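# Tertiary structure, described
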Amino acid sequence: MGVTYLHSPPAVNLVFEESALVHSTSCRLHSSQCLGCNTSKLKPCRTLVFNLPSRRFNRRVAALPDVDDFFWEKDPTPILDTIDAPIHLKNLSSKVELKQLAGEVRSEISFIMSRKCQPCNTGHSVVDLAIAIHYVFNAPMDKILWDAGQHTYAHKILTGRRSLFHTIKQRKGLSGFTSRFESEYDPFGAGHGCNSLSAGLGMAVARDLGGRKNRIVTVISNWTTMAGQVYEAMGHAGFLDSNMVVILNDSRHTLLPKPDSQSKMSINAFSSALSKVQSSKGFRKFREAAKGLSKWFGKGMHEFAAKIDEYARGMIGPHGATLFEELGLYYIGPIDGNNIDDLICVLKEVATLDSTGPVLVHVITENEKDSGGDFNSEVTPNEEGPPESSQDILKFLENGLSRTYNDCFVESLIAEAENDKRIVVVHGGMGIDRSIQLFQSRFPDRFFDLGIAEQHAVTFSAGLACGGLKPFCIIPSTFLQRAYDQIVEDVDMQKIPVRFAITSAGLVGSEGPTNSGPFDITFMSCLPNMIVMSPSNEDELIDMVATAAMVEDRPICFRYPRGAIVGTSGTLAYGNPLEIGKGEILAEGKEIAFLGYGEVVQRCLIARSLLFNFGIQATVANARFCKPLDIDLIRMLCQQHDFLITVEEGTVGGFGSHVSQFISLDGLLDGKIKWRPIVLPDRYIEHASLTEQLDMAGLTAHHIAATALTLLGRHRDALLLMK
């Protein structure tokens, strides 16, 4: 295996040591069935020791073993081998066979995901539910919609994609989410969660208008219930009274997520029997008849009977169940989501109900005990709880293969927060990165995790700022898109000093287009009052944290990628606030100039080295700011060079567009300067490794250098460079 850097960091020593049984930290943090944890089936591999320069950590790290370094004795899957489509589940008449199938599906998921050293416990928790759904309903005629990515693993295996499951999240392989372009069994794409109910309701209305009789089943998670769109859809579903089945997959034993200290909901024989009664056709008919009888006695009696019904169901049901009843959904549950017998019994009854409106089935599933998390990625929801202590998180960070921009950002933010008691953090998005949990453990009263309620997170931050605090609103780029109206109306228009830390910006590798962040430069830089900046390395990220903390008269944002830092400094230092709107020259040349924005500056420096081999000395400038632009720097580059190339890991309408707007209005394009932009292509970049994505997007150092050679008329050299 290899480690790739954008440029060679100083003092990198690789030392190999023999070890009897070594596996990666990420393996240990993931499934209990991971290869690294199945030591009886693992042969000796070698430890990779890094001595990397960092601001705080210089520790020994265990490397990910190469797949050639171990073997896996795959468990037999005789029943799963007979399943090529959901209809084949109908041939399994014995409940024992279905339970055995569930075990085989879990084994299949473990086998594949362990080789990838990726978490799979959340995927395990819904295996029984996925089997029960496909056993009862008839996909693809019946539409089955899912919200969360890992929840679809069993669904993908059961719907004819088992042979390709090993390609999940790889280039030209299966998506990590549902995809309409991938299978007829995926009626709607999902990535951010909370959309399946709205889409399912639309399909139900279209079905009714078309006179069809197929079923609509949407599976949501307890994490989804933190988003307002879910309740908007539920209210609309109750109003329209369309037939559809909503399955709430509750893996935290509570309708609304609370701290882990909350007591868990019990699933026992009584609740199971009650759920079966609630879902039965006879009970529903009796309930409807009672409603009709109460109406016959008049409106007052009908309302009184409805209150009695609600009170009775609230007494025997779980806390919060009446919320769904108020929204117009008939509540059934809770049900043991790992008991196939009970699931099939209830779902069969629900499937036979006609003209009863929307039904919500509350299913309790168990995640395997697991620490969750993976390197250089946001933590998947429901895979880990809050940190036990800051020492635990520091230990995790020390054991990481490489330090990330998130690690650097949080360390600098903690340093600022220790000196400024007004600094608070508001976090939105799917799960919390472990490095961000370090701030949470250090300042629990100054940290607010709002999950996927990003709209609320932005306006809540604005309220904190109006109250005299300094909020840092940390949201991944892809999830910030959902809160754009709040950014415009509640922050920028009112010039409220909210500090947006936009994580996972640009391309994100295997998570694909649903979790990538290519648009934030464009939609943030068009706002009149917003300061927009991006660091080229970890030192500038620290300076930008200090800059954001200093600005108190308008909103400010900075973006950074999810990957490893380029490693430019070895000691932790407090940031120095940057002069707003000022860039810098990193390397001087002639004829051609690269003006980079963000981490792509590092690739521009590599491109300059490549061009030097062709006898070309290029200038490399670091813009730092997209808004306001450093107009003096841009004028100088245009006056002293024949060609100006702007480079960014963003879309059309971003940094390059702002530069072209300025040089057009300033008359610089009327002279000798020729300008070319390098941006992401006007298409979604599918999931692949980050290196592959950059190559697909034409944003590697070789692409940048080849663009310069082409502008200089050296087309043959450009072709040679790209070979």
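Above this text you will find the structure in question.
Presented here is an overview of the structure given in this document. Residue numbers run consecutively from 1 along every chain, following the written order of its sequence. With the structure being a predicted model, the display of local features is reserved for residues of pLDDT at least 70 and the display and counting of side-chain atom pairs for 80 or more, all residues being used for whole-chain, interface and lining totals. Hydrogen atoms and water are omitted, and side-chain values are computed over all heavy atoms in the structure.

### Some points on the sheet that holds strand β3 (residues 143–146)
Inclusion rule: Two strands qualify as a pair provided that DSSP identifies no fewer than 2 bridges between them. Strands are runs of DSSP state E lasting at least 2 residues, helices are runs of H or I lasting at least 4, and numbering of each runs from the N terminus. Angles shown run from 0 to 180 degrees and are taken between the N-to-C directions of axes, each axis being a line fitted to C-alpha atoms and, for helices, limited to the stretch in contact. We call two residues in contact when some of their heavy atoms are within 4.5 Å.
Strand order across the open sheet formed by five strands is β3-β4-β5-β7-β6, with parallel pairing between neighbours. With one partner strand each, in any of the chains shown, β3 and β6 (330–336) form the two edges of the open sheet. Going from strand to strand, the sheet's axes swing by 20 degrees on average, the running direction of each strand aside. One ladder, built from five bridges, connects β6 with strand β7 (residues 358–364); its direction is parallel. Across the sheet, the residue bridging to Ile-332 is Val-361, located in β7. Most of the contacts of helix α7 (residues 228–240) go to β7, to which it runs at about 140 degrees, and overall it touches β4 (216–221), β5 (244–250) and β7.

### Observations regarding the pattern of salt bridges
Rules: What makes a salt bridge here is a side-chain nitrogen of Lys or Arg within 4 Å of a carboxyl oxygen of Asp or Glu, nothing more. When accessible area is computed with a 1.4 Å probe and restricted to protein chains, residues below 20% of their type maximum are described as buried, those above 50% as exposed, and intermediate ones as partly exposed.
A full pass over the atoms with the stated rule returns 27 salt bridges. Note that Arg-161 and Glu-182 form a salt bridge whose closest N and O atoms lie 2.7 Å from each other. In this pair, Arg-161 sits in helix α5 (residues 153–161) while Glu-182 sits in the loop between α5 and α6 (196–210), placing the two residues 21 residues apart along the sequence. Among the ionic pairs, Glu-511 bridges to Lys-169, the shortest N-O distance being 3.0 Å. Taken together, the positions of Glu-511 in the loop between β11 (499–503) and α19 (520–525) and Lys-169 in the loop between α5 and α6 put the pair 342 residues apart, joining distant regions of the chain. Using a relative accessible area of 13% as the deciding quantity, one classes Lys-169 as buried.

### Points about unusual backbone geometry
Backbone geometry follows two general trends: most residues other than glycine have a negative phi, and most peptide bonds adopt the trans configuration. Residue Pro-140 is bonded to the preceding Ala-139 through a cis peptide linkage, with omega at 10 degrees. Here Pro-140 lies in the loop between α4 (127–136) and β3. Cis geometry is adopted by the peptide bond preceding Pro-628, which originates at Lys-627 and carries an omega value of -5 degrees. Tracing the chain through its elements places Pro-628 in the loop between β17 (625–627) and α22 (631–640). A positive phi angle is found at Lys-495, which is not glycine, with a value near 55 degrees. Counting through the fold element by element, Lys-495 comes out in the loop between α18 (484–492) and β11. By relative accessible area, Lys-495 is classed as partly exposed at 44%.

### Topic: the sheet that holds strand β15 (residues 591–597)
The strand order across the open sheet built from five strands is β14-β16-β15-β18-β19, with neighbouring strands paired in mixed fashion. Each of the sheet's edge strands pairs with one partner strand only, and the pair in question is β14 (584–587) and β19 (674–678). Going from strand to strand, the sheet's axes swing by 25 degrees on average, the running direction of each strand aside. Both β14 and strand β16 (residues 619–622) contribute to a ladder of three bridges, which runs antiparallel. In the strand pairing of β16, Ile-585 is matched with Ala-621. Along the sheet, helix α21 (residues 600–612) makes contact with β14, β15, β16 and β18 (641–648), crossing β15 at roughly 160 degrees. Contacts between α22 and the sheet are confined to β14, β15, β16 and β18, with β18 contributing the most and set at about 135 degrees to the helix.

### Some thoughts on the packing of aromatic side chains
Aromatic ring pairs are defined here through the distance separating the ring centres and the angle between the ring planes. This is how the line gets drawn: When the centres of two rings from Phe, Tyr and Trp lie within 6.5 Å, Trp using its six-membered ring, the rings pair. Their planes under 30 degrees apart give stacked, over 60 give edge-to-face, and anything left gives tilted.
Applying the stated rule across the entire model yields ten aromatic pairs. Centre to centre, the rings of Phe-409 and Tyr-560 are 5.5 Å apart; their planes meet at 40 degrees, and the pair counts as tilted. Taken together, the residues span a long stretch of sequence, with Phe-409 in helix α14 (residues 405–419) and Tyr-560 in the loop between β13 (556–559) and β14 at a distance of 151 residues. Each member of the pair, Phe-409 as well as Tyr-560, carries the same accessibility label: buried.

### Thoughts on α6
We apply this condition: In this analysis, the expected span of each helix is defined as 1.5 Å times one less than the number of residues it contains.
Counted at 1.5 Å a residue, the expected span for α6 with its 15 residues is 21 Å, and the 21 Å between its end C-alpha atoms agrees. Looking only at α6, the buried set comprises Ser-196, Leu-197, Ala-199, Gly-200, Leu-201, Ala-204 and Arg-207. On its buried face, α6 is in contact with β3, β4, α7 and β5. Residue Gly-211 follows α6 closely and has a positive phi angle near 75 degrees.

### Concerning the nonpolar core
Which entries qualify depends on this criterion: To define a nonpolar core, start from buried Ala, Val, Leu, Ile, Met, Phe, Trp, Tyr and Cys residues and group those joined through side-chain atoms within 4.5 Å.
One finds Val-458, Leu-480, Phe-500, Met-524, Leu-595, Leu-644 and Phe-655 to be the most contacted residues of the largest nonpolar core, which totals 68 residues. When residues in this core are grouped by element, the largest group, five residues, is from helix α16 (residues 454–466). Core analysis: the second largest hydrophobic core is formed by 51 residues, Leu-89, Leu-101, Ile-168 and Val-350 among them.

### A few points about the environment of Leu-480
With respect to the helices and strands, Leu-480 occurs in helix α17 (residues 477–480). Assessed through its relative accessible area of 1%, Leu-480 is described here as buried. Separated by 52 residues in the primary sequence, Leu-480 and Gly-428 have C-alpha atoms spaced 8.3 Å apart. In this structure, Leu-480 is in contact with Val-458, Ile-475, Ile-487, Phe-500, Ile-502, Phe-523 and Met-524, ignoring residues within four places of it in sequence.

### What to know about the side chain of Ser-242
Looking at the secondary structure, you find Ser-242 in the loop between α7 and β5. Residues in contact with Ser-242, not counting those within four places in the same chain, are Leu-201, Ala-204, Val-205, Asp-208, Ala-237, Gly-357 and Pro-358.

### Things to note about the packing of α21 against helix α25 (residues 701–711)
Put simply, the rule is: Should an angle fall under 35 degrees it is called roughly parallel, over 145 degrees roughly antiparallel, and 65 to 115 degrees roughly perpendicular, with every other angle called oblique. Handedness of a crossing follows from how the near helix is turned relative to the far one, being left-handed for an anticlockwise turn of less than a right angle and right-handed for a clockwise one. Amino acids are sorted into nonpolar (Ala, Val, Leu, Ile, Met, Phe, Trp, Tyr, Cys and Pro), charged (Asp, Glu, Lys and Arg) and polar (every other residue, Gly among them).
Between α21 and α25, whose axes approach to 8 Å, the crossing angle comes to 55 degrees. Between α21 and α25, the interaxial angle falls into the category oblique. Judged by the twist between their axes, the crossing of α21 over α25 is right-handed. The segment α21 lies against α25, with Arg-603, Cys-604, Ile-606, Ala-607, Leu-610 and Leu-611 engaging Ala-701, His-702, Ile-704, Ala-705, Ala-708 and Leu-709. In terms of residue class, the contact of α21 with α25 is built from ten nonpolar, one polar and one charged.

### Describing helix α24 (residues 690–697)
Our working definition: In this description, one arc is meant: the one made by directions from the helix axis to the C-beta atoms.
Those residues of α24 that fall on the buried side of the exposure criterion are Gln-693, Leu-694 and Ala-697. Buried residues of α24, seen end-on, are gathered within an arc of 100 degrees and therefore sit on one face of the element. One or two residues past the end of α24 sits Gly-698, with phi positive at roughly 70 degrees.

What is shown is where atoms sit, not what they do.
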